[in-house]
Amino acid sequence: MTNQNKRVILVTGASRGVGKGIAEGMARKGDIIICAARSQKKGSTVQQFGFEIQSSLDETVEKIKAKGANGIAYPIDLFEEGSIVTVSYTHLTLPTKRI
């Protein structure tokens, strides 16, 4: 698969819930899936609606890699403008030069 045929996909909220499902479901061999969320390490928990929820970018990336895609974890907070600029700049410098 050439670089132009590879999909480069940025998924926010990829550590749990819908974002995690989208990241894992979109992955196919040769793709680059950029997974962004606040929780990176295995065993991380977050409070949501009064519940503790386990979430981890590392777990999402492992499942993506098992499908033959290239999963990349980015622990970022989308409420911080600098985080968005960093992830965008970093991936626009990949060989594919696109998101």
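The preceding data block contains the structure.
Residues numbered from 1 in each chain as written. Predicted model: local features only at pLDDT ≥ 70, side-chain atom pairs only at ≥ 80, totals over all residues. Heavy atoms only, no water.

K.L.:
Would you explain the pattern of salt bridges in this entry?
P.N.:
A pair can form between side chains of opposite charge whenever their charged atoms are brought close. Taken as a whole, this structure holds three salt bridges when the rule is applied. Two residues, Asp 31 and Arg 7, come together in a salt bridge whose shortest N-O distance is 2.7 Å. In this pair, Asp 31 sits in the loop between helix H1 (17-26) and strand S2 (32-37) while Arg 7 sits in the segment before strand S1 (8-12), placing the two residues 24 residues apart along the sequence. By relative accessible area, which is 24% here, Arg 7 ends up partly exposed. Among the ionic pairs, Asp 31 bridges to Arg 28, the shortest N-O distance being 3.9 Å. Because the salt bridges share partners, they merge into one network encompassing Arg 7, Arg 28 and Asp 31. (Salt bridge = Lys/Arg side-chain N within 4 Å of Asp/Glu carboxyl O. Helix = DSSP H or I, 4+ residues; strand = E, 2+ residues; numbered from the N terminus. Buried < 20%, exposed > 50% of the residue type's maximum accessible area, 1.4 Å probe, protein only.)

K.L.:
Mind showing me how you'd approach the side chain of Ser 56 here?
P.N.:
In this fold, Ser 56 is placed in the loop between strand S4 (51-54) and helix H2 (57-66). In this structure Ser 56 comes out as buried when scored by relative accessible area, which is 0%. Separated by 3.2 Å, the side chain of Ser 56 and the backbone nitrogen of Asp 58 make a polar contact. (Polar contact = N/O pair within 3.5 Å; in protein donor to acceptor, adjacent residues only side chain to side chain.)

K.L.:
Just to check I follow, could you spell out the sheet that holds S1 for this structure?
P.N.:
Backbone hydrogen bonds hold the strands of a sheet together, and the pairing may be parallel or antiparallel. A sheet is described by the order of its strands in space; here three strands give the open sequence S1-S2-S5, paired in parallel fashion. Looking at the sheet topology across the chains shown, the edges are occupied by S1 and strand S5 (70-75). For this sheet, the mean angle separating the axes of adjacent strands, direction not counted, is 20°. Note: S1 against S2, five bridges, orientation parallel. Paired with Thr 12 across the strands is Ala 36, a residue of S2. Lying on the sheet, H1 is in contact with S1 and S2; it crosses S1 at an angle near 165°. (Pairing = 2+ DSSP bridges. Axes fitted to C-alpha atoms, helices over the stretch in contact; angles between N-to-C directions. Contact = heavy atoms within 4.5 Å.)

K.L.:
Any chance you could explain the pairing of S2 here in plain terms?
P.N.:
Looking along a regular strand, one sees the side chains alternate between the two faces of the sheet. Along S2, six of the six residues are buried, which leaves the element largely enclosed by surrounding structure. Of the two faces of S2, both are covered, the one formed by Ile 32, Ile 34 and Ala 36 as well as the one formed by Ile 33, Cys 35 and Ala 37. Tracing the backbone out of S1, into H1 and back to the parallel element S2 gives a crossover that is right-handed. Sheet analysis places S2 next to S5, joined by six bridges and oriented parallel. Pairing of Cys 35 across the sheet is with Ala 73, part of S5. (Right-handed = clockwise from strand over helix to strand, strands pointing away.)

K.L.:
What exactly am I supposed to notice about H1 here?
P.N.:
In an α-helix, one full turn covers 3.6 residues, which means residues spaced three or four apart are oriented alike. Restricting attention to buried positions, one finds in H1 the residues Gly 19, Lys 20, Ala 23 and Glu 24. Looking straight down H1, one finds its buried side chains confined to an arc of 125°; they lie on one side. Turned more than 90 degrees away from the buried face of H1, the exposed residues are Gly 17, Val 18 and Gly 25. Looking at the buried residues of H1, the elements they touch are S1, S2 and H2. (Arc of directions from axis to C-beta.)

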